[in-house]
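Analysis of the macromolecular model
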Amino acid sequence: MSTRLAFAAPLPGLADLTEFTLEPVEDAVGLYSLDSADRPEIRFFVLDAATHLPDYAPRFSREQLALVGAAAVQKPTVLAMVNTSDREATVNLLAPVLVNPETGACAQVILEGQDWPLRSPLGATA
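Structural notes, computed from the coordinates. None of these values were measured; they are calculated from a predicted model. (Residues numbered from 1 in each chain as written. Predicted model: local features only at pLDDT ≥ 70, side-chain atom pairs only at ≥ 80, totals over all residues. Heavy atoms only, no water.)

**Let's talk about the packing of aromatic side chains**
Selection criterion: Any two rings among Phe, Tyr and Trp, with Trp reduced to its six-membered ring, count as a pair given centres within 6.5 Å; such a pair is stacked if its planes are under 30 degrees apart, edge-to-face if over 60, and tilted if neither. Strands are runs of DSSP state E lasting at least two residues, helices are runs of H or I lasting at least four, and both sets are numbered from the N terminus onward. Exposure is judged per residue with a 1.4 Å probe applied to protein chains only, and the accessible area is read against the type maximum: over 50% gives exposed, under 20% gives buried, and values in between give partly exposed.
Counted under the stated rule, the structure contains two aromatic pairs. With a centroid separation of 5.4 Å and an interplanar angle of 75°, the aromatic rings of F7 and F20 are classed as edge-to-face. Separated by 13 residues along the polypeptide, F7 in strand β1 (residues 3–7) and F20 in strand β2 (residues 19–24) bring together distant segments of the chain. A relative accessible area of 5% means that F7 is categorised as buried. Assessed through its relative accessible area of 0%, F20 is described here as buried.

This is the structure in structure tokens:
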């Protein structure tokens, strides 16, 4: 089942693209494709942090949570962007995507002052 997501601001390098569809990858629990609604050739992969990164415990500011309306949500969904460009799959733990599961509002946020890597090998969280 796909979910419509609306980013509060475009992802870096993708001016004007804020509408995406989150689609589960078949036979891969907690792995999703994030497909642009306006440009279907633009696709990212993201991991559900709760499923795949049990030691990942980022702290979000009130402002970051407000971007997705998380004040009304007990716990926003946290997705980590997957990068496969360097022969080894890594996840971006420094700039996760926060998702309000009730509304589909989302935002990629930067975790300032926290020691999370930009490229963490899959299977490691630090």
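**Quick word on the pattern of salt bridges**
Stated formally: Note on definitions: salt bridges are taken to be side-chain nitrogens of Lys or Arg within 4 Å of carboxyl oxygens of Asp or Glu.
For the coordinates displayed, the defined rule picks out two salt bridges. Ionic pairing is found between R43 and D35, a salt bridge with its closest N-O pair at 2.6 Å. Given a relative accessible area of 14%, D35 falls into the buried group. Where E41 meets R39, a salt bridge forms, and the shortest distance between an N and an O atom there is 2.9 Å. Owing to a relative accessible area of 56%, E41 belongs among the exposed residues under this scheme.

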